[in-house]
Amino acid sequence: MAAVCQLSLFDTVPVVIHRLEARRVRSQPARVCVGRFLHLGAGVQSSTLAEMIVEGDLAPVDAVVFADTKDEPPWVYEQLDYLEGRLATRGIPLERVARSAQGLVHDAIHGAGRFASMPLYTQDPRTGQTGILRRQCTSEYKIEPSDDWVRDWLVAHGHARLIHDKRGWTRRQVSRQVCTEHLYGISLDEFYRSGKRGPGWQRTVYPLIDRRMRRSDCERWLRERGLRVPYKSSCVHCPFHDDAYWRRLKTDYPAYFERACQFDDWLRSPEGRRRFTRKLRQDVFLHRSGIPLREVDFEAPGAGPLFELCGDYCMT
Ligand code: SF4
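Report on the accompanying structure. Note that residues are indexed from 1 along each chain, following the sequence as it is written. Local features in this predicted model are restricted to residues whose pLDDT is 70 or higher, and side-chain atom pairs enter the listing and the counts only when it is 80 or higher, whereas totals over whole chains, interfaces and linings include all residues. The basis for every side-chain value is the complete set of non-hydrogen atoms in the structure, without hydrogens or water.

### Considering the overall build of the protein
Starting at the N terminus, helices and strands are each numbered in turn, a helix being any DSSP run of H or I of at least four residues and a strand any DSSP run of E of at least two. Along the backbone of the protein there are ten helices and ten strands. Note on contacts: a residue pair is in contact if any heavy atoms of the two residues lie within 4.5 Å. For the protein, the share of sequence-separated contacts (at least 6 apart) that also reach a separation of at least 24 residues comes to 67%. Under the convention used here, a 1.4 Å probe and the Shrake-Rupley method define accessible areas, while residue burial counts only the protein chains that appear. Counting only carbon and sulfur atoms, one obtains 51% of the accessible surface of the protein, whose full area is about 15800 Å².

Structure (structure tokens):
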């Protein structure tokens, strides 16, 4: 009897991703890989990759890069300190990069000029219709500082040069002969977040997808070795949080929950409206219900996330 093919979407997607990436790489001039970097969010998946490197289960990297929005919860910084020590045993530096010294929310409230839009929920006060704002914070506070750091690394290692353009700005031009490898902690259950990232000289690698590992597999992998299993990483004020996250923050980290509530209140204050939503003519909220965060009942049924996007969401 003919064998029945039982390949699932989870089995075929990594193959398709590989083929697309291989075709893309083939179509480009041959480049020598001169650096390999892990982009760390300090949540479950990217921490698993860091631990795999430490345990010798994954080829080493030149550096682990963490883009700090300065708005992360305390458990993320604890995880970073822990991983920094673990990686140091293999001589691998953990580099913390940041777009600004004060952070995403401080810049939104006090910064000069335009600030990076967060994916805030909107509500039309007349119709009650809800929506969500375009997200720029990932790009400006996570991706760009990381790319900048890698470009500086390439300059320092003689693989890129500083050039001055007509406007007098200094740019770092990467040699056409080289490329760098970039590891991201995207697991098989999040394959829709994979794909080519970054400029042409960057090669994207998804070791967890290659190994067909889901988030639960990562947790099991860590537990079996007696290693820490971290909680979700993402900004304290991120609108993508589900109610379980907000409830945990409110119960276990009330000072941080209060900070999030104050920002949420500020968004609808006269100053917040003047600075942020003047042209929008809509109210904006951190919680998708369109209710001020401090008034949300996180125990109420059906108050789940609008998108299952949060948690180690940005980049990693
Ligand atoms: S975690 Fe959320 S708020 Fe923070 S940078 Fe990412 S999308 Fe923006």
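Read on for the rest.
### Let's talk about the sheet that holds strand S5 (residues 130-132)
In short, DSSP must find at least two bridges between two strands for them to pair. Taken together, three strands build an open sheet; the order of strands is S5-S4-S10 and the sheet is antiparallel. Every other strand in the sheet has two partners, leaving S5 and strand S10 (283-285) as the edge strands with one partner each. Within the sheet, the average angular offset between the axes of one strand and its neighbour, ignoring direction, is 30°. Here an angle of 0 to 180 degrees is reported between the N-to-C directions of two axes, which are lines fitted to C-alpha atoms, with helices fitted over the stretch in contact.

### A few points about the packing of aromatic side chains
Note on aromatic contacts: the rings of Phe and Tyr and the six-membered ring of Trp form a pair at centre separations within 6.5 Å, being stacked when their planes are under 30 degrees apart, edge-to-face when over 60 apart, and tilted otherwise. This model, assessed by the stated rule, comprises 13 aromatic pairs. Each ring, one from Trp246 and one from Phe257, has its centre 6.5 Å from the other, and the planes form 75°; the classification is edge-to-face. Residue Trp246 is found in helix H8 (residues 243-252), and its partner Phe257 is found in helix H9 (residues 254-267); the two are separated by eleven residues along the sequence. Between Phe257 and Phe298 the ring centres are 5.9 Å apart and the planes differ by 85°, which places this aromatic pair in the edge-to-face class. In this pair, Phe257 is assigned in helix H9 and Phe298 in the segment after S10, connecting sequence segments 41 residues apart. Note on accessibility: Phe257 and Phe298 belong to one class, buried. Connected via pairs of aromatic rings, a cluster forms that spans Trp75, Tyr231, Tyr245, Trp246, Tyr253, Tyr256, Phe257 and Phe298. Working rule: Lys NZ or Arg CZ, within 6 Å of ring centre, within 35 degrees of ring normal, means a charge sits over the ring. Sitting above the plane of the Tyr82 ring, Arg228 keeps its charged end 4.8 Å from the centroid. Exposure classes here rest on a 1.4 Å probe applied to the protein chains alone. A residue is buried below 20% of its type maximum, exposed above 50%, and partly exposed in between.

### Details of unusual backbone geometry
Here Ala42, not a glycine, exhibits a phi torsion of approximately 75°, which is positive. Mapped onto the secondary structure, Ala42 falls in the loop between strand S1 (32-40) and helix H2 (44-54). Not every positive phi belongs to a glycine, and Arg212 is a case in point at roughly 55°. Relative to the helices and strands, Arg212 is located in the loop between helix H6 (207-210) and helix H7 (215-224). The partly exposed category is assigned to Arg212, whose relative accessible area is 35%.

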